[in-house]
Every structure is written in structure tokens, then in C-alpha cells.
Amino acid sequence: MAAMSITTTENDIEKGVSVSLPKSFTDPFAPREGRTLVWTDVNMVLKGHGGLPDRTILDHVWGEVPPQQTVAILGPSGAGKTSLLNVLAGRSSTHGRIHVTADVRWNNYAVEPTDMNIRHSIAFVAQEDSLQVTATPREAILFSAKLRLPRSTTNAELHQLTYRMLEELGLTNCADTIVGSELVKGISGGERKRTSVGVELVTRPAVLFLDEPTSGLDSFSAVQLCQVLKKVAAAGASVLFTIHQPASEIFNSFDGVILMNQGRVMYQGSVSNVPAYFGQRGYPIPVNHNPADWIINVAQSATVAELQTAGFFPNDERKLGDSLELDDKLTGLGLVADRKTDKPVGVATQTQLLVLRELVNLKRNAPVLRARLGLALFMGLLGGIIFLNVGEKARDNFLVVQSQFGAIVMVLIMSMVSTAMPTLVAFPQERPVFLREYSTNHYSVVSYFMSRLAIETLITAVQIFVLCVLTYYLIGMQGGFGIFYTAIFALAMSGTALGVAVGCSTVDPKMAIELLPVMIVPQILFAGIFVQIDLIPKFLRWARYLFALTYALRVLVINEFEDCASDELSQPNPLDYCSLVLENTDSDPDETWWNWLVLVSLFGFFRLLAMRILQVKATRYY
Ligand SMILES: Nc1ncnc2c1ncn2[C@@H]1O[C@H](COP(=O)(O)OP(=O)(O)OP(=O)(O)O)[C@@H](O)[C@H]1O
């Protein structure tokens, strides 16, 4: 392959200069095999409830996008544009109160758009940009290329493709500025939108859907973006997008237009035919008027009955015939021919790339990391100073032993709260990026989970180490430090696993935070900390076996008090306070291994549960 003979430096490759590679591999607009998208009888009904009637959102919608064409879906707000695009892209299906039926075909093969193989063959740019805040446009596009292009694609090809994509989208000047968010200033809204488009175009798709790609762009950027879409279509792709009031110059550059009105197709055909079609029906486009504005204005100002009488809302007269059975060759992105059979990267590489991205994210998000470590430092110092040298005191006094027990409980609770909280909000915050990347086949749920686990393990290990070193030595604990640290680390990891499971079940970070007490308080109540376990009503006592805190507490109590307890734990002497602590927390030194086993199992259980929740939620998308 020509890429082997590269003699340029790594820096040159990254900048994409002076690298002689076969153009088809590195050209974002390389020719591809298109698909003729045809749909008919697309219906979406919102079932009524609480006395409300059913509502038709899409009513026998039909249309088509031939290869090499750009087709715009226009219409007043609420006309059903996004709903149609979502049905065709497999992002909306029958669920809850929404009922969807559709006959969708690619080259006359019947396709089920929600099928993951079909969804993965569609490049979709959503209305809201969901890019990693700390990544730069170059990194975002390169990340997408690395994960989605065939594994035989060389590093040089990936970099040059990225470079050319940045150039085509006019992103060269901001290529190395972070994307940013409302809180952290980064690239502009228009640049963000173009980056989102670049992330999708990098796969050289044969089918491209975009939901309002020009929203929020100035007129120059909008024209520039539409020119890019025209180039993608010219390469062979079928390009379908919704758009709000395009300027005449942009409108006239499209090949086809679908005008939606109240869930129905008011016009469907070429842009060049629009003036004649509206003129013949008594609504000629005034001279020097933007045709897009005019047709939307007609749709808004006239009633459906008037428009119907005038001859709008054409029925689907096409004779589509029976559809063919779906052929495997139809799915897959429109990649360069000899790379089509080549698989994308595997789970290990996906995980590695995700971990590397997360490490960069941590580096650029240093204040967040510093805050977590600072919190551990503060809590460790506070707890350690309040319980200063308490662990070294003689255990012949009930109040001393109670304080020593209290010190253990304090460290356990501190570790749980400080680690569960960030993981609880992590997923709801990352959700849009994860869903976009997952639904566009960047990586599997397993890879995502493995990468999150690696990063959380790293941060938690350091955070808990700071907390443990301070509390252990300031308090003067008597048990071994290794067991002290490992048990608290295991509890924190179980806490993060539970946090991830709860976080994956909620959409809103605020709601996730509100669930924190529900995760922590029952654990404290059932662990035998404030109330003797024998005093808890019998029918509720079993609940303590469900919580990681119970087992971590037992390990630490054994570690700290085993040496001072008598051998007769079943009938401890009332003045043998160490034995009493062991007895009340059900801590049997002979069963320490069991506590470790359950701690690890709970961690595994909640991680697997979280993964399952995510798998179910991710495939549904909405
Ligand atoms: N899942 C849903 N539940 C309830 N109503 C829905 C749902 N999906 C769509 N709708 C309703 O269907 C109508 C069409 O929505 P859609 O988003 O498709 O319109 P649109 O033409 O894209 O509008 P806009 O240009 O304002 O984005 C709206 O009234 C919307 O409230």
C-alpha cells in the first residue's frame, strides 16, 4: 500500500501535509455507492390518555431521496419534520404512547430502520451538538475515524483524512481549540455544528441524515455547510435533512424538497418544480420573494381544507411493487470498495481509545480532579484531627471503644459519599455524547464500561489512598494498613458501581444527586452502627445482607478489634468491649473471606446491572 512508503514526519502527518497517499482513502468526498431511499405510508400516532384523543403526528407520509441528491424537509414548526427524520433514521419506533408504522426501502429492499445494522449504516447529525467538551475538533474527528473506519486504515491515512475534513469544513483555524460548553468557552456554535458534521462525514457515508444542520449558523456558515452537503451528495450519497427557512441561495441549491404541513406531505418533488406547482394551485411565488419563505407562509396562512381544495397534499401515486428481502451488502457505510469487508477495530482498541480520551479529558479538567483530591485531603484531615490518637488508647473503657468504632464508621461513610457522588452524576452528564457515539457505532457498551471502570478505579484508588493514609495514621489505628485501605477501596468501588447503576437509570444529573441519600442512608441504618441489629424488627433484618457497607464494616472491625477480643464471641463478657463490637456487627474473624467475597460480588453485580440498563436504554435512544 502506498501508505507504507511515507517518509514524512509524524508532525507532517498530523498536519496532513506532503503525504502521498491514495486519494480515495483519505478523501472525505471519495465516490461511494449510493442508496435510493424510498418510503411510503409512514404514520405516527400519539395515543391519547387521561381523556385526551389520539393525535396524528405523521399521516401517510411518503417521499424519496435518490443517490447523489440533497433533499430538504421544510415546514412550519410542529409540522412533523423531525418526527419523519427520526422514523427514517430508526430513532423513533412504537413505544409507550407512540405508535409508528412505515414502509421504508433502500434500493427497493425493505429495511427496518430501527435495526442496528441499518442504523449503523446511517450517518446522523442531530440538532443538538453532543461532542466531548474538552476535545478539539481535530481530536473529535480523528476519534470517530479511528473507531469507525476499517482496522487496516493506517495512522497516516487517519490523520490526513482528518486534516482534509477540517479543511473542507473551514475548521483549520480552530482545529486545536476545545469544543467547550455553556460554562467553558470553546469554539463557536457554528464551528461546533460543523465539527458534528465532520465527525459523521469521516466514515464517507452512503446515507446522511441531518436535523436542522444550519440552525444557529450565520448565513455565510450556512452556505458553506450546504456546499459541503452538496459535495457529499455529489460523491454518491443520499442526503436528507430538515431545515428552517433557508435563504433563497441555499434553497435553490437543493435537489429536492418535501414540504410538511400538519403531519402530511404538502409538496414532494424537485426544487425547480416548486414555482410551477404553487402557481398552478393559485399561490404563485411573488417576484423577488424567497421561495422557501413563501411556501412555508402558504402552509401556515391557509387552512388545510383550503390547501386541499387547491390541490396540495398529493397522494403517493408511485407503484413501488413488492419489496425485496434485505441483502447484507446493503448495510455498512459507503466505504471505499476494497475496505468494505475489513472490520472496524475490536473491543480492546475501543476501550484503549476511550481510556486515552478520558485521560486527556481529566488532564484538561484538572480543577475537577484537584477538587476530588482536595476533598479527600480535607475530609481525611478533619476526621483524623477530630479522632486524633483515639485508636491508640487502651480498650478498657466503653467510651474509648465506641469512639474507635465511630472512627471506622466515619472513614467508611466519608469514602462512600465522596466516591458515589461523582459517579452518580457522571453518566447523566455524559449521556448525550455516549448515546450519539453508541448509536453511530463508535464502540460497544462493554468497551464504554471497561474504559469507565479503568478511569474510576484509578481516581478512586488515589482518592481513597489520601483519605486512608491521613485517617489511619492520625487516628492511630491498630489493625494492618493494607486491610484498612483495601476494604475501604472495595467499599468505594462498590459505591461507584451502585452510583453508575443509578446514574444509568436516570436522565437528569439533578435527579441522580437527589437519589444519593437513598443509596447511603439504608446502608448506614442496617449496618448495626446506630442501632443494635437485634433491635431492628426481625422482618427487616435480612436487608443488611444487601449492602456493601455491612461487609466492609465487618472487615475493618475484625481488623481493628480481633486482637483485643476474647475467643468466646458467642457469649462475650459484658466488659469485653472489643468482643461486643464484633458481636453486634456480626463480625466473625473465621469468616473474613466471606465478607471479601460478597464485597467483590456486589461490585460485580452492580456493574453488570448498570451495563444491562445502559444496553436497554441505548438501543431505544429516545
Ligand atoms: N414523542 C412525542 N410525544 C409527544 N408529542 C410528540 C412526540 N414526538 C413528536 N410530537 C409532537 O409532534 C409534533 C411534530 O413534532 P416535530 O418535532 O416532528 O415537529 P417539527 O416540524 O420538527 O417542528 P420544529 O420545526 O419546531 O422542530 C409536535 O407537535 C410534537 O409535539
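Residues numbered from 1 in each chain as written. Predicted model: local features only at pLDDT ≥ 70, side-chain atom pairs only at ≥ 80, totals over all residues. Heavy atoms only, no water.

(A) Quick look at the nonpolar core. Within the largest apolar cluster, 61 residues are counted, with the highest numbers of intra-cluster contacts made by L74 and F278. In terms of residue count, the dominant contributor to this core is helix α8 (residues 219–234) (eight residues). Sequence-distant contacts of L74, that is, excluding residues within four places in its chain, are made with K81, I243, P246, F251, V257, I258, L259, M260, A292, I295 and I296. Grouped together as the second largest cluster of nonpolar side chains are 60 residues, V390, I464, L556 and V557 included. (Core = buried A, V, L, I, M, F, W, Y, C linked by side-chain atoms within 4.5 Å. Buried < 20%, exposed > 50% of the residue type's maximum accessible area, 1.4 Å probe, protein only. Helix = DSSP H or I, 4+ residues; strand = E, 2+ residues; numbered from the N terminus. Contact = heavy atoms within 4.5 Å.)

(B) Structural view of the domain arrangement of the protein. You can read the domains of the protein as domain 1 (31–134 + 178–316) and domain 2 (347–620). Using only C-alpha atoms to locate each centre, domain 1 and domain 2 end up separated by 49 Å. Counting residues at the interface gives 13 residues for domain 1 and 15 residues for domain 2. Of all residues in domain 1, the largest losses of buried area upon contact with domain 2 belong to S130, Q132 and T134, amounting jointly to 41% of the total for that side. (Domains from an automatic or database assignment. Buried area = accessible area lost by both parts, 1.4 Å probe.)

(C) Main features of the state of the cysteines. One pass over the structure, following the stated rule, counts one disulfide. Put simply, C564 and C578 are joined by a disulfide, and their sulfur atoms are 1.9 Å apart. Of note, the bridge from C564 to C578 carries an S-S torsion of about -105° and is left-handed in sense. Residue C564 is located in the loop between α21 (548–561) and α22 (577–584), and its partner C578 is located in helix α22; the two are separated by 14 residues in the primary sequence. Relative accessible area serves as the criterion here: at 28%, C564 is assigned to the partly exposed category. (Disulfide = S-S within 2.5 Å.)

(D) Here's a closer look at the pairing of strand β10 (residues 264–270). With six bridges joining them, strand β9 (residues 256–261) and β10 adopt antiparallel strand pairing. Counterpart to V257 in the pairing with β10 is G269. Connecting the antiparallel pair β9 and β10 is a turn made up of two residues, with Q262 showing a positive phi of about 50°. (Pairing = 2+ DSSP bridges.)

(E) Seen up close, the packing of helix α15 (residues 398–439) against helix α16 (residues 445–475). Direction vectors running N to C along α15 and α16 enclose 160°, while the axes themselves pass 11 Å from each other. In terms of their interaxial angle, α15 and α16 are classed as roughly antiparallel. For the pair α15 and α16, the crossing hand works out as right-handed. Classifying every residue of the contact of α15 with α16 by side-chain character gives 13 nonpolar, seven polar and three charged. (Axes fitted to C-alpha atoms, helices over the stretch in contact; angles between N-to-C directions. Parallel < 35°, antiparallel > 145°, perpendicular 65-115°, else oblique. Left-handed = near helix turned anticlockwise from the far one by under 90°. Nonpolar A, V, L, I, M, F, W, Y, C, P; charged D, E, K, R; others polar.)

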